[in-house]
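Chain residues, written in single-letter form:
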Amino acid sequence: MSARVIPRILISSPASASGKTTVTCALLRLLANAAAVKCGPDFIDPLFHRQVSGRPTGNVDLFFTPPAQARALFARAVRGADIAVCEGAMGFYDGIAGTEEASAYEVARALSCPVILVADAKGKSRSLCAEIGGFASFRERDGDRSGIRGVVLNRCSAAQYGRLAPAVERECGVRALGFLEQDDACSLPSRHLGLVTPDAVSGLREKLDALAHSARQTLDIAAITRIAQSAPPLDCGDDLIQHAADETERLARARVRIAIAQDEAFCFYYRESLDLLAAFGAEPVPFSPLRDRAIPPDCHALYLGGGYPELFPVPLAENTAMLDSLRAFCRSGAPVLAECGGFLYLKLAGVLAGTFENRGRLVRFGYVTLTANEDTLLCRKGDTIRAHEFHYFDTTHNGGAFTARRADGTAWQCIESTAPVAQMRPTCCTARTANIVAGFPHLSFASNPAFARRFVQAARDFAARGRTGCAGCGGCHTDRPCGGCGG
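Here the residue numbers are simple positions, counted from 1 along each chain's written sequence. In keeping with the model being predicted, local features are shown solely for residues with a pLDDT of at least 70 and side-chain atom pairs are shown and tallied solely at 80 or more, while totals for entire chains, interfaces and linings include all residues. Water and hydrogen atoms were dropped before computing side-chain values, which therefore reflect all heavy atoms in the structure.

### A closer look at the environment of serine 53
Moving on, step 1. The secondary structure listing takes helices from DSSP runs of H or I that are at least 4 residues long and strands from runs of E that are at least 2 residues long, numbered from the N terminus. Summarising the element assignment, serine 53 is placed in helix α2 (residues 44-53).
Moving on, step 2. Remark: the alpha-carbon pair of serine 53 and leucine 31, spanning 22 residues in sequence, is separated by 9.9 Å.
Moving on, step 3. Polar contact criterion, stated in full: a pair of N or O atoms within 3.5 Å, where within protein one must be able to donate a hydrogen and the other to accept it, and residues adjacent in sequence count only if both atoms are side-chain atoms. A polar contact of 3.3 Å, which involves the side chain of serine 53, links it to the backbone oxygen of arginine 55.

### Structural notes on the packing of helix α1 (residues 20-30) against helix α7 (residues 204-218)
Moving on, step 1. The interhelical angle for the contact between α1 and α7, taken along N-to-C directions, is 80 degrees, at an axis separation of 9 Å. If you check the angle between α1 and α7, you find them roughly perpendicular. Of the residues in α7, those in contact with Thr22, Cys25, Ala26, Arg29 and Leu30 of α1 are Arg205, Leu208, Asp209, Leu211, Ala212, Ala215 and Arg216.
Moving on, step 2. Three classes are used, and their members are as follows: Ala, Val, Leu, Ile, Met, Phe, Trp, Tyr, Cys and Pro are nonpolar, Asp, Glu, Lys and Arg are charged, and the others, Gly among them, are polar. Its residues assigned to classes, the contact of α1 with α7 shows seven nonpolar, one polar and four charged. Angles run from 0 to 180 degrees between N-to-C directions of axes, and those axes are lines fitted to C-alpha atoms, restricted for helices to the stretch in contact. Roughly parallel covers angles under 35 degrees, roughly antiparallel covers those over 145, roughly perpendicular covers 65 to 115, and oblique covers all other angles. Any two residues having at least one pair of non-hydrogen atoms within 4.5 Å are treated as being in contact.

### Looking at the pairing of strand β8 (residues 175-180)
Moving on, step 1. Relative accessibility under 20% of the residue-type maximum defines a buried residue, over 50% an exposed one, and the middle range a partly exposed one, all with a 1.4 Å probe and only protein chains included. With five of its six residues buried, β8 lies for the most part within the structure.
Moving on, step 2. The crossover handedness rule: strands pointing away from the viewer, path from first strand over the helix to second strand clockwise, crossover right-handed. With respect to chirality, the unit in which strand β7 (residues 148-154) leads through helix α6 (residues 158-172) into the neighbouring parallel β8 is right-handed.

### Regarding the sheet that holds strand β24 (residues 416-418)
Moving on, step 1. In this description, strands pair whenever DSSP reports at least two bridges between them. In spatial order, the strands read β14-β12-β15-β17-β25-β24; together these six strands make up an open sheet with mixed pairing. With one partner strand each, in any of the chains shown, β14 (282-287) and β24 form the two edges of the open sheet. Adjacent strand axes in the sheet meet at a mean angle of 15 degrees when their direction is disregarded.
Moving on, step 2. In this sheet, β14 lies alongside strand β12 (residues 256-261) in parallel orientation, the contact comprising six bridges. Bridge pairing in β14 places isoleucine 258 opposite proline 284.

### So, the packing of α1 against α2
Moving on, step 1. Running from N to C, α1 and α2 point in directions that differ by 20 degrees, and their axes come no closer than 9 Å. Looking at the two axes, α1 sits roughly parallel to α2. Taken as a pair, α1 and α2 cross one another with a handedness that is right-handed. Residues Thr21, Thr24, Cys25, Leu28 and Arg29 of α1 form the contact with α2, whose participating residues are Asp45, Phe48, His49 and Val52.
Moving on, step 2. Considering only residue class, the contact of α1 with α2 consists of four nonpolar, three polar and two charged. A clockwise turn of the near helix away from the far one marks a right-handed crossing, whereas an anticlockwise turn of less than a right angle marks a left-handed crossing.

Next up, the structure:
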């Protein structure tokens with residue numbers, strides 16, 4: 001186990017919608033060569049981090065991986081940066097099923113990370129001291145009062161900060177590190193329980209510029225930097241992604257191409273999951289179901305992630321060339337993995353049976369452990385993987401290949417492991433092979449890398465069959481008769 005010096009801070013707050021992402025984005029603009037990491041299963045905040053920093057953001061999640069592995073993934077995600085900014089999820093102590101498990105507090109402990117609390121000051125005076133003091137003293141961490149080293153006041157005027165900052169430092173024993181004023185020119189709009197995606201924010205670059213200009217005047221960047229530099233050397237465990245890459249190199253496995261839907265409609269992917277696919281020998285080939293006319297050529301598998309396809313029903317439905325290509329690819333017998341929005345897209349295309357509708361409320365929300373009820377292209381019966389669900393839509397056919405179970409014991413059946421629907425003429429090569437795994441849960445390959453390994457191996461097997469003129473041959477990707485095997 002190696003120790004690395006990584007200046008770092010964790011940005012948290014008493015509750016959601018308190019300004020964590022706003023403060024994080026401001027710091028990423030103002031701190032030299034900064035990298036970001038998101039604590040928890042969120043997909044959208046990392047998209048904003050990437051817009052600001054120009055580098056991908058990872059997720060550190062103690063439900064998906066144990067602390068040692070979380071430290072290794074964190075170190076990998078911020079490699080090459082001079083300072084790391086971790087953004088917490090929900091409130092500081094909010095974890096699984098009403099506990100502190102996997103909370104931002106637990107992540108800060110696992111990463112030995114100093115904490116800066118973002119407190120919403122709008123409509124508050126001295127009561128804010130009670131709130132900040134309560135969070136700082138609720139848990140003791142190495143004699144450091146929960147690890148909270150400072151506070152930033154959000155939606156706070158200069159005059160209000162002048163009155164509150166001395167009281168906060170005197171009453172709470174926490175350093176006041178500045179404030180951000182309420183300013184619509186810098187605000188980031190929300191949808192459901194989080195922000196909208198960056199592409200949906202009008203004038204995002206101008207908003208980020210205005211935010212950075214304002215924050216430069218009102219945040220104590222020097223003090224924040226000193227707090228980050230006070231973090232102790234981090235003991236990093238074995239890197240599961242590097243381990244996968246070493247294994248692939250040792251076995252001299254052939255590389256394969258996996259088409260990955262990536263645009264405004266499909267953008268929810270865990271960075272660690274994509275990194276694991278690459279480590280096991282997959283070349284990711286991004287494409288846009290919104291704009292491209294076909295799945296990229298010479299691909300051996302397809303990964304349709306989540307996102308907001310419901311915001312683009314007309315362009316997705318009217319891109320008939322892409323829908324035809326999708327149907328043909330699924331008929332070919334190539335392995336297909338679809339999560340949440342990708343699951344709905346397969347139903348829109350008629351690849352999977354059933355209809356779907358927006359229920360107008362959260363149907364499923366939270367962490368789950370999935371246990372396979374049957375063999376699939378990703379795993380064997382009885383294998384488990386951890387995942388997260390967040391969706392307002394439901395379908396008439398959710399599948400039963402896995403049992404999902406929450407921490408409170410609630411369980412349900414989910415995920416289809418199937419071939420394309422019978423109405424889609426199968427090719428002579430593949431007949432009714434169950435080459436599709438699709439459902440609402442977002443899988444964390446980091447929680448069980450064997451699932452990523454099997455997905456890549458399924459693509460490798462498909463590529464090998466294609467070279468011998470069976471599944472994957474040119475005829476299987478079209479409506480023409482198969483020329484490779486005489487069908």
